[in-house]
Amino acid sequence: MPVSSQPSEGHLMTEEVHLRLILVSGKTQDFTFSPNDSATDIAKHVFDNWPAGWEEETVSSPSILRLIFQGRFLHGNVTLGALKLPPGRTTVMHLVARETLPEPNSHGQRNREKTTESNCCLLL
């Protein structure tokens, strides 16, 4: 479960993961979680503890909140520990409202399909 919605004061525990979530509007908020927390756990915690400065971006359900890390959507069961985030640092992720996620490898598959096309030009 999430540790808190604000970074802890005092000593840093190695079992804490610090996230700075950024909305499309550019607004940010820092949160602290456990390495065992999944993307679904994070979305639910953020929804239940929606920051005061984010009223204009309020969503109807935690199920539509999606995390983006290094340009990729995190699927619900991915834990922070599995991402091997650097300890003692704040990791930045984007938080967006989106009903569905693309299939895990759909982008790569589209790229492979495009490379199978062959165009030939003969110069005389």
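For clarity, every value in this text was computed on a predicted model and none was experimentally measured.

Draft legend 1. Up close: the overall build of the protein. Broken down by element type, the protein carries two helices and five strands. Start at the N end of the protein and walk to the C end: the helices and strands fall as β-β-α-β-β-β-α. Relative to its 124 residues, the protein shows a buried fraction of 33%. Counting only contacts in the protein whose residues sit at least 6 apart along the sequence, the fraction spanning at least 24 positions is 61%.

Draft legend 2. Expanded view of the nonpolar core. Formed by 22 residues in total, the largest nonpolar core has its most connected members in Leu19, Leu21, Val46 and Met93. Discounting residues that sit within four places of it in the chain, Met93 has contacts with Leu19, Arg20, Leu21, Ile22, Leu67, Ile68, Phe69, Leu74, Leu80, Leu83 and Leu85.

Draft legend 3. Region of interest: the packing of aromatic side chains. Throughout the structure, instances matching the rule amount to three aromatic pairs. Taken together, a centroid distance of 6.5 Å and an interplanar angle of 65 degrees make the contact between Phe31 and Trp54 edge-to-face. Of this pair, Phe31 sits in strand 2 (residues 28-33) while Trp54 sits in the loop between helix 1 (39-48) and strand 3 (65-69); the two residues are 23 residues apart in sequence, bridging distant segments of the chain. The same class applies to Phe31 and to Trp54, which are both buried. Pairwise contacts between aromatic rings join Phe31, Phe33, Trp50 and Trp54 into one cluster.

Draft legend 4. Region of interest: the pattern of salt bridges. Under the defined criterion, the tally for this structure stands at three salt bridges. Between Asp30 and Arg20 there is a salt bridge whose closest N-O contact spans 2.7 Å. Of this pair, Asp30 sits in strand 2 while Arg20 sits in strand 1 (residues 17-22), and the two are 10 residues apart along the sequence. With relative accessibility at 19%, the residue Asp30 sits in the buried group. The residue Lys44 makes a salt bridge to Asp48 at a minimum N-O spacing of 2.8 Å. Taken together, the residues span about one helical turn, with Lys44 and Asp48 both in helix 1 at a distance of four residues. Classification of Asp48 as partly exposed rests on a relative accessible area of 45%.

Draft legend 5. The sheet that holds strand 5 (residues 90-97), seen in detail. An order of 2-1-5-3-4 is seen for the five strands of this open sheet, with the pairing classed as mixed. A single partner strand is all that each edge strand has here, and the edge strands are strand 2 and strand 4 (72-73). As judged from the six bridges shared by strand 1 and strand 2, these two strands associate in the antiparallel manner. Residue pairing across strands places Leu19 opposite Phe31, the latter belonging to strand 2. Against the sheet, helix 1 engages strand 1, strand 2, strand 3 and strand 5, with an angle of about 125 degrees to strand 2.

Draft legend 6. Examining the side chain of Arg66 more closely. With respect to the helices and strands, the residue Arg66 is situated in strand 3. An unpaired buried charge is present at Arg66: no salt bridge exists, and Glu99, the closest side chain of opposite charge, is 6.3 Å distant. At 2.6 Å, the side chain of Arg66 and the backbone oxygen of Glu99 are in polar contact. Setting aside residues no more than four positions away along its own chain, Arg66 makes contact with Phe73, His94, Leu95, Val96, Arg98, Glu99, Thr100 and Leu101.

Definitions and cut-offs
- Each chain has its residues counted from 1, running along the sequence as written.
- Note on the predicted model: pLDDT of at least 70 is required for a residue's local features to be given, and 80 or more for side-chain atom pairs to be given and counted; whole-chain, interface and lining totals, by contrast, use all residues.
- Working from all heavy atoms in the structure, the side-chain values ignore hydrogens and water.
- Numbering of helices and strands runs from the N terminus, with a helix taken as a DSSP run of H or I at least four residues long and a strand as a DSSP run of E at least two residues long.
- Burial classes follow relative accessibility: with a 1.4 Å probe on protein chains only, a residue under 20% of its type's maximum area counts as buried, one over 50% as exposed, and anything between as partly exposed.
- In what follows, residue pairs with any heavy atoms lying within 4.5 Å of each other are defined as contacts.
- We call a set of buried residues a nonpolar core when its members are Ala, Val, Leu, Ile, Met, Phe, Trp, Tyr or Cys and they connect through side-chain atoms within 4.5 Å of each other.
- Each aromatic pair joins two rings of Phe, Tyr and Trp (for Trp, the six-membered one) with centres within 6.5 Å, and gets the label stacked for planes under 30 degrees apart, edge-to-face for over 60, and tilted for any other angle.
- Any carboxyl oxygen of Asp or Glu that lies within 4 Å of a side-chain nitrogen of Lys or Arg is treated as forming a salt bridge with it.
- We treat two strands as partners when DSSP finds at least two bridges between them.
- Axis angles are defined between N-to-C directions and span 0 to 180 degrees, where every axis is a line fitted to C-alpha atoms and, for a helix, only to the segment in contact.
- Positive charges come from Lys and Arg alone, negative charges from Asp and Glu alone, with His and the N- and C-terminal ends not counted.
- In protein, a polar contact requires one atom able to donate a hydrogen and another able to accept it; more generally it is a pair of N or O atoms within 3.5 Å, and residues adjacent in sequence count only if both atoms are side-chain atoms.

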